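So you can see what is in the structure, the chains are spelled out below.
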Amino acid sequence: MNAKPQQTPPRVPPLTRLTVAETALRLLNEGGLDKLTLRAIAQELDVKAPALYWHFKNKQELIDEMATEMFRRMVADPEASGPDAPTTPWREQMSVANRGLRRALLSYRDGARVFTGSRFNGTEHAERSEAHLRALLAQGFELPQAVRAMATAFSYTLGFVIEEQGVHPVPGERREGYDVTERGERLADYPLAAAAGTHLFEEYDEHFEEGLQIVLDGIAAHYGIH
């Protein structure tokens, strides 16, 4: 009687910082940052929770790696990277970069919250910053001015997306309590505040673009660089 051939068990990918971060980003889109736990990630990876502590001491270290992986994916997108040659007008460079940042953050539930306060691992972010700073310096900025200009535009974009995702956690999903019509009826005694709802909680693409140009206009006027 012939023995049955033994079946080869499915190959389990090695547990690395990257595989943990990728799993965490996938779970992030399902439940958001508040429900993301090391235990849930371990269960998804079919390992015991202590195994994750070989790679991350705590949740913040994991969030740092998640933010880093989000950044890697963002810069791999040519549209998100934007032009950074010294001859590219600085306003175009910063516009494209911040549009790409917003698009990248919106592709994850709580994406902006993951970025907030996170420390990127590795040096990939420094390579990108170096190129952008060189381009700004070539067009008349001093280094402190270039740093402040980039940081101000980044902070605007990050803050904008945090507020945007507070209403739309992911595209097509709207949190309860942000119905503009209901809000207008509730604030009927305050007609200007009621009318502001349309401008606050609708047309986010137009709102973002106008605000970004206001920021860039302010940078140009403050430093006298056009």
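Since this is a predicted model, take the numbers as computed values, not measurements. (Residues numbered from 1 in each chain as written. Predicted model: local features only at pLDDT ≥ 70, side-chain atom pairs only at ≥ 80, totals over all residues. Heavy atoms only, no water.)

Colleague: Is there a simple way to think about the side chain of Ser-95 in this case?
Modeller: Tracing the sequence through the fold places Ser-95 in helix H6 (residues 90-106). In this structure Ser-95 comes out as buried when scored by relative accessible area, which is 6%. In this structure the side chain of Ser-95 is engaged in a polar contact, spanning 2.8 Å, whose partner is the backbone oxygen of Arg-91. Discounting chain neighbours no more than four positions away, the residues touching Ser-95 are Leu-212, Gln-213 and Leu-216. (Helix = DSSP H or I, 4+ residues; strand = E, 2+ residues; numbered from the N terminus. Buried < 20%, exposed > 50% of the residue type's maximum accessible area, 1.4 Å probe, protein only. Polar contact = N/O pair within 3.5 Å; in protein donor to acceptor, adjacent residues only side chain to side chain. Contact = heavy atoms within 4.5 Å.)

Colleague: Teacher, can you tell me more about the pattern of salt bridges here?
Modeller: Oppositely charged side chains can form a pair if their charged atoms are brought close together. Scanning all chains against the criterion turns up 16 salt bridges. Of the charged contacts, one joins Glu-44 and Arg-26 as a salt bridge, the two residues approaching to 3.3 Å between their closest N and O atoms. Remark: Arg-26 occurs in helix H1 (residues 17-31) and Glu-44 occurs in helix H2 (residues 38-45); sequence separation between them is 18 residues. On the basis of relative accessible area, Glu-44 is assigned to the partly exposed category, the value being 43%. A salt bridge links Arg-102 to Glu-164, with the shortest nitrogen-to-oxygen separation between them at 2.9 Å. Separated by 62 residues along the polypeptide, Arg-102 in helix H6 and Glu-164 in helix H9 (residues 143-167) bring together distant segments of the chain. What emerges from the salt-bridge pattern is a single network uniting Arg-17, Glu-65, Glu-69, Arg-72, Arg-73 and Glu-124. (Salt bridge = Lys/Arg side-chain N within 4 Å of Asp/Glu carboxyl O.)

Colleague: When you look at the nonpolar core in this model, what are you seeing that I'm missing?
Modeller: In terms of nonpolar packing, the biggest core is built from 29 residues, with Ile-41, Leu-62, Met-66, Leu-105, Val-114 and Phe-115 touching the most fellow members. Mapped by element, the contributors of at least two residues to this core are H1, H2, helix H4 (59-76), H6, helix H7 (111-115) and H9. Leu-105 has contacts with Met-70, Gly-111, Ala-112, Phe-115, Leu-158, Val-161 and Gln-165, leaving out every residue within four places of it along the chain. Ranked by size, the runner-up nonpolar core spans 21 residues in total, among them Met-94, Leu-136, Val-215 and Ala-220. (Core = buried A, V, L, I, M, F, W, Y, C linked by side-chain atoms within 4.5 Å.)

Note that all results are geometric; they support no functional claim without further evidence.
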